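Summary of the model geometry
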Amino acid sequence: MSLSIGIVGLPNVGKSTLFNALTRASVLASNYPFATIEPNVGIVGIPDPRLTALAGLYNSAKIIEATVRFVDIAGLVRGASTGEGLGNQFLSHIRETDAICQVVRVFTDPDVSHVDGDVAPERDIETIATELILADLQTLEKAAPRLAKEAKFGRDPERNRAAAAAAAAQELLNGGTTLFAGAAGAGIDLADLRDLQLLTAKPFLYVFNVDEAELGDKELQDRLAAIVAPAQAVFLDAKTEAELAELSPEDAAEMLTELGLGEPGLDQLARAGFAALGLSTFLTAGPKEARAWTIPVGATAPEAAGVIHTDFQRGFIKAEIVSFDDLMAAGSVAAARAVGKARIEGKDYVMRDGDVVEFRFSPT
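Counting restarts for each chain: residues are numbered from 1 in the order of the written sequence. A pLDDT threshold of at least 70 governs which residues receive local features in this predicted model, and a stricter bar of 80 or more applies before side-chain atom pairs are shown or counted, although totals over entire chains, interfaces and linings include all residues. Think of the side-chain values as coming from all heavy atoms in the structure, minus any hydrogens and water.

With respect to the sheet that holds strand S7 (residues 232-236)
What links the strands of a sheet is backbone hydrogen bonding, and the strands pair in either a parallel or an antiparallel sense. One bridge is not enough; two strands pair if DSSP finds at least two bridges between them. Helix and strand assignments follow DSSP, with helices taken as H or I runs no shorter than four residues and strands as E runs no shorter than two, numbered in order from the N terminus. Spatial ordering of the open sheet is given by S2-S4-S1-S5-S6-S7, a layout of six strands whose pairing is mixed. If you trace the sheet from one side to the other, it starts and ends with strand S2 (40-45) and S7, each paired once. Pairwise comparison of adjacent strand axes, ignoring direction, gives a mean angle of 25° for this sheet. Pairing of strand S5 (residues 99-105) with strand S6 (residues 204-209), which is carried by six bridges, proceeds in the parallel orientation. When the sheet's bridge partners are listed, Cys101 is paired in S6 with Leu205. Here helix H1 (residues 15-23) sits on the sheet and contacts strand S1 (4-8), S2, strand S4 (67-72), S5, S6 and S7; the angle it forms with S2, its principal contact strand, is near 45°. Helix axes are fitted only over the stretch in contact, all axes being lines through C-alpha atoms; the angle between N-to-C directions runs from 0 to 180 degrees. Should any heavy atoms of two residues lie within 4.5 Å, those residues are counted as being in contact.

Below, the structure written as structure tokens:
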């Protein structure tokens, strides 16, 4: 599935440093605004210890992780919605992504300038939210009258819903709330606004780029997480993550232990991004590979089969499914069958994250 997350933020908040660490790439990271002009794209694996366990069980020759696509987008400044800085490019690039990951500067460094002069996370969050809201209001100011006219003179229920949703969205945005944060409470079905490609309707995710000393500051993290709720918040030090990305697995594990961290912040970010996109995984394993396959949350068994090959979906008969935990407890699919933990499911089965699957289909 080709879904992507746009990494956005004000200039000099650590976006490109974070992207470099995420992708192990050498993207320009400089101490001046607009170091990133054209968006850089990287495919990032989703760490999944279940694959290692499956590979051990099946003696798999290789492991293939699920992935998420990150796009590093030019830094935004106040006034971007009216074309300031690289505003027009910023907005067009983010419109092409499926979710928004805002990097927020919390770290202090006198050698790295802040576009507004001082470090203030709450203000920076509001700055970008305001620019995206203003851009959406511009879109709605053009679209809402047209939709209202179509609803008045037409009989298409879909258009009627779109007109009502557009009017409600304008009211919500004029109050300073993004559609992602407030649509549910306002009774707005974002599906009715899909054709308008509104920026604030996309899922949001926040990365707070903190100093190394603040990685264990729970009070600070709780306060900042509350500001961006219901979006998920990830806390990391981009410089530390960049260092970890350059180390061997053994040296990285030692450094994490010294820092008192259980895992790299990048691993948390990759999983959070995957969830923000509304994705989940099912697993397959055999001698050749242990693999995580990407599907939308709520996908049926035939739809999941189609991710492997379209012929699997067209000729779908049934799927033998055992949960990862049950498989590992039993030790093999045969043993799972013996204790009733392997199930045969049909076309209406909704996949669950971590299902280990073998599809049965009729060749066409």
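Thoughts on the packing of aromatic side chains
In this scheme Phe, Tyr and Trp rings, the latter by its six-membered ring, pair at centre separations within 6.5 Å, and the angle between planes marks the pair as stacked below 30 degrees, edge-to-face above 60, and tilted otherwise. Per the counting criterion, the structure on display carries seven aromatic pairs. For the pair Phe204 and Tyr206, a centre-to-centre distance of 6.2 Å together with 25° between the ring planes defines the contact as stacked. Residue burial is assigned from relative accessible area. The probe radius is 1.4 Å, only protein chains are included, and a residue is buried under 20% of its type maximum, exposed over 50%, and partly exposed in between. Judged by relative accessible area, Phe204 falls into the buried class, the value being 5%. Relative to Trp293, the ring of Phe282 lies with its centre 6.3 Å away and its plane at 10°, an arrangement referred to as stacked. Linking Phe282 in strand S8 (residues 279-285) with Trp293 in strand S9 (residues 289-296), this pair joins segments that are 11 residues apart in sequence. Among the aromatic residues, ring-to-ring pairing joins Phe282, Trp293, Phe316 and Phe359 into one connected group. For a Lys NZ or an Arg CZ to count as sitting over a ring, it must be within 6 Å of the ring centre and within 35 degrees of the ring normal. Its guanidinium or amino end placed over the ring of Trp293, Arg291 lies 3.9 Å from that ring's centre, counting from NZ or CZ.

Description of the confidence of the model for the chain
Within a predicted model, pLDDT stands for the predictor's per-residue confidence, ranging from 0 to 100. In the predicted model, the chain carries a mean pLDDT of 88, and 90% of its residues have values of at least 70. Below pLDDT 50 for its whole length, residues 25-37 participates in 35 contacts with residues either more than four positions away or in separate chains.

Here's the deal with the pairing of strand S10 (residues 316-323)
As paired elements, S10 and strand S12 (residues 355-361) share seven bridges and run antiparallel to each other. Looking across to S12, one finds that Lys318 is bridged to Arg360. Of the pairings in the sheet, the one linking S10 to strand S11 (residues 343-345) comprises three bridges and is antiparallel in character. Across the sheet, Ile321 pairs through a bridge with Arg343, a residue of S11.

Let's talk about the pattern of salt bridges
Any Lys or Arg side-chain nitrogen found within 4 Å of a carboxyl oxygen on Asp or Glu counts as a salt bridge. Summed over the entire model, instances satisfying the criterion amount to 17 salt bridges. With its nearest N and O atoms 3.4 Å apart, the salt bridge here joins Asp192 to Arg161. A residue pair is termed long-range when its members are at least 10 positions apart, and Asp192 in the loop between helix H6 (179-182) and S6 and Arg161 in helix H5 (residues 157-174) qualify at 31 residues. Among the ionic contacts, a cluster of salt bridges with common partners joins Asp48, Arg50 and Asp353.

So, the side chain of Glu214
Take Glu214: it is sitting in the loop between S6 and helix H7 (218-228). Put simply, Glu214 is tucked away with no salt bridge, and the nearest opposite charge, on Arg223, sits 7.7 Å away. Other than its neighbours up to four places away in sequence, Glu214 contacts Val106, Leu220 and Gln221. For the purpose of counting charges, residues Lys and Arg are taken to be positive, whereas Asp and Glu are taken to be negative. His and the chain ends are not included.

Examining helix H4 (residues 121-153)
For a helix, the expected span equals 1.5 Å multiplied by the residue count minus one. Taking 1.5 Å as the rise per residue, H4 with 33 residues should run 48 Å; its terminal C-alpha atoms sit 47 Å apart, in good agreement. Along H4, the helix axis deviates most sharply at Ala143, where the bend reaches about 35°; the proline Pro145 sits within four residues downstream. The seven residues ending at a residue and the seven starting there each receive a fitted axis; the angle between those axes is the bend at that residue.

A word on the environment of Phe107
Within the element layout of this structure, Phe107 appears in the loop between S5 and H4. Put simply, Phe107 and Gly14 are 93 residues apart on the chain and 9.6 Å apart in space, counted from C-alpha to C-alpha.

Looking at the pairing of S1
Residues in a regular strand point their side chains to alternate faces of the sheet. Of all five residues that make up S1, five are buried, and the element is covered over most of its length. Of the two faces of S1, the one lined by Ser4, Gly6 and Val8 and the one lined by Ile5 and Ile7 are each fully buried. Pairing geometry for S1 and S5, over four bridges, is parallel. Each bridged residue has a counterpart across the sheet, and for Gly6 the counterpart in S5 is Ile100.

Side note on the nonpolar core
Think of a nonpolar core as a cluster: buried Ala, Val, Leu, Ile, Met, Phe, Trp, Tyr and Cys residues, connected wherever their side-chain atoms sit within 4.5 Å. One finds Leu18, Phe70, Phe208 and Leu269 to be the most contacted residues of the largest nonpolar core, which totals 65 residues. Those residues in contact with Phe208 that lie beyond four places of it in its chain are Val104, Val106, Ile125, Leu224, Val228, Ala233, Val234, Phe235 and Leu236. Listed in part, the 19 residues of the second largest apolar core include Ala144, Leu179, Ile188 and Leu193.

Re H7
For H7, every residue scored as buried is listed here: Leu220, Gln221, Leu224 and Val228. The buried residues of H7 occupy an angular sector of 95° when projected down its axis, which confines them to one face. The outward face of H7, more than 90 degrees from its buried face, is lined by the exposed residues Lys218, Glu219 and Ala226. Buried-residue contacts for H7 involve H4, S6 and S7. Note that the arc is computed from the directions linking the helix axis to the C-beta atoms.

Considerations on the packing of H4 against H5
At a minimum axis distance of 9 Å, the contact between H4 and H5 shows a crossing angle of 145°. Of the two possible hands of crossing, H4 and H5 adopt the one that is left-handed. Each of Ile133, Asp136, Leu137, Leu140, Glu141, Ala144, Arg146, Leu147, Ala148, Glu150 and Ala151 in H4 lies in contact with H5, whose residues at this interface are Arg159, Asn160, Ala162, Ala163, Ala166, Ala169, Gln170, Leu173 and Asn174. Partitioning the contact of H4 with H5 into residue classes produces 12 nonpolar, three polar and five charged. In a left-handed crossing the near helix is turned counterclockwise from the far helix by less than a right angle, and in a right-handed crossing that turn is clockwise. Three classes are used, and their members are as follows: Ala, Val, Leu, Ile, Met, Phe, Trp, Tyr, Cys and Pro are nonpolar, Asp, Glu, Lys and Arg are charged, and the others, Gly among them, are polar.

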